[in-house]
Amino acid sequence: MNPKDVLAPRLRTAVSGTSHAPLIEEFAIYLRVTRQLAPLTIRNYLGDLTSFFEYINTQNLRRLDAANRLFLRSYLAWLVDTGYVRASIARKLSALRVMYRFLLERGVVIQDATRLVSAPKIERRLPSPIAPEEVERLLSGPDLNQRTGVRDRALLELLYAAGLRVSEAASLNIRDVDLQAREARVTGKGLKTRIVLLGAQAQSA
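Keep in mind that this is a model prediction, so the values were computed, not measured. (Residues numbered from 1 in each chain as written. Predicted model: local features only at pLDDT ≥ 70, side-chain atom pairs only at ≥ 80, totals over all residues. Heavy atoms only, no water.)

## Focus: the nonpolar core
Heads up, the rule is: The definition of a nonpolar core used throughout is a set of buried Ala, Val, Leu, Ile, Met, Phe, Trp, Tyr and Cys residues joined through side-chain atoms within 4.5 Å. Buried residues are those whose accessible area, probed at 1.4 Å on protein chains only, stays under 20% of the maximum for their type, while exposed residues exceed 50% and partly exposed ones sit between those limits. A helix here means a DSSP run of H or I that spans at least four residues, while a strand means a run of E at least two residues long, and both kinds are numbered starting from the N terminus. Note on contacts: a residue pair is in contact if any heavy atoms of the two residues lie within 4.5 Å.
Counting residues in hydrophobic clusters, the biggest one holds 35 residues, and the most contacted among them are Phe27, Leu46, Phe52, Phe53, Leu64, Met99 and Tyr100. Those elements that place two or more of their residues in this core are α2 (21–33), α3 (39–58), α4 (69–82) and α5 (86–106). Residue contributions to this core peak at 9 residues, all from α5. Residues in contact with Phe27, not counting those within four places in the same chain, are Leu46, Leu49, Val98, Met99 and Phe102. Core analysis: the next-biggest nonpolar cluster, separate from the first, contains 10 residues, Ala169, Leu172, Ala184 and Ala202 among them.

This is the structure:
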């Protein structure tokens, strides 16, 4: 694979005619040979660097080791103003950190300021609640004339009533369930154990 073949047109334009072009091609070789990344992954890395080189061109930054903490923070602010979402900005900063570690190992730069800046926190989207009619349709799916259908209905009622993860329900043993007390002992993430309550429908199922 020719390193030039993985350079996106925007990146090739951003570094053309500068001293950075040979470094980017060498970085592409490093990602392929040393890091053994797939061509698509390399393209993504290099694509995420495009914005950085476009920005340093607007700032007339000649030397990559001149990108200090203040400069990088202004770059991240510029990405926000340009309209990039937090996840994209975090990904671009991650690619930049990999490149600067490479440059530091090669002695091209004498400092790596990327470790001094933090990526924006990515907002976690809350799961959308399932509609009641969707729950009814799901619960009515199993064939109660079949033993497997009876089992599946019981598991679905348990998942819905107790708010369990699928892995938690799958790992339950009979001894973990107390039908008289309508409760179950569940082992979740980190092997943490908790008691969950069961509704009448789940108890019946």
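## Quick word on the sheet that holds strand β1 (residues 177–178)
Spelled out, the test is: For two strands to pair, DSSP has to find at least two bridges joining them.
Spatially, the 3 strands line up as an open sheet ordered β1-β2-β3, and their pairing is antiparallel. The open sheet has two edge strands with one neighbour each: β1 and β3 (193–197). Two elements, β1 and strand β2 (residues 183–187), share 2 bridges in a ladder whose sense is antiparallel. Counterpart to Asp178 in the pairing with β2 is Glu183.

## Quick word on the pairing of β2
Taking every second residue as pointing to the same face, the buried face of β2 carries Ala184 and Val186, while none of Glu183, Arg185 and Thr187 on the other face is buried. The antiparallel hairpin formed by β1 and β2 contains 4 residues in its connecting segment, where Arg182 sits at a positive phi of about 55 degrees. In this sheet, β3 lies alongside β2 in antiparallel orientation, the contact comprising 5 bridges. Residue pairing for β3: Ala184 is matched across the bridge by Val196. In textbook terms, the turn of a hairpin is the stretch between consecutive antiparallel strands, and for β2 and β3 this stretch comprises 5 residues, one of which, Gly190, has a positive phi near 70 degrees.

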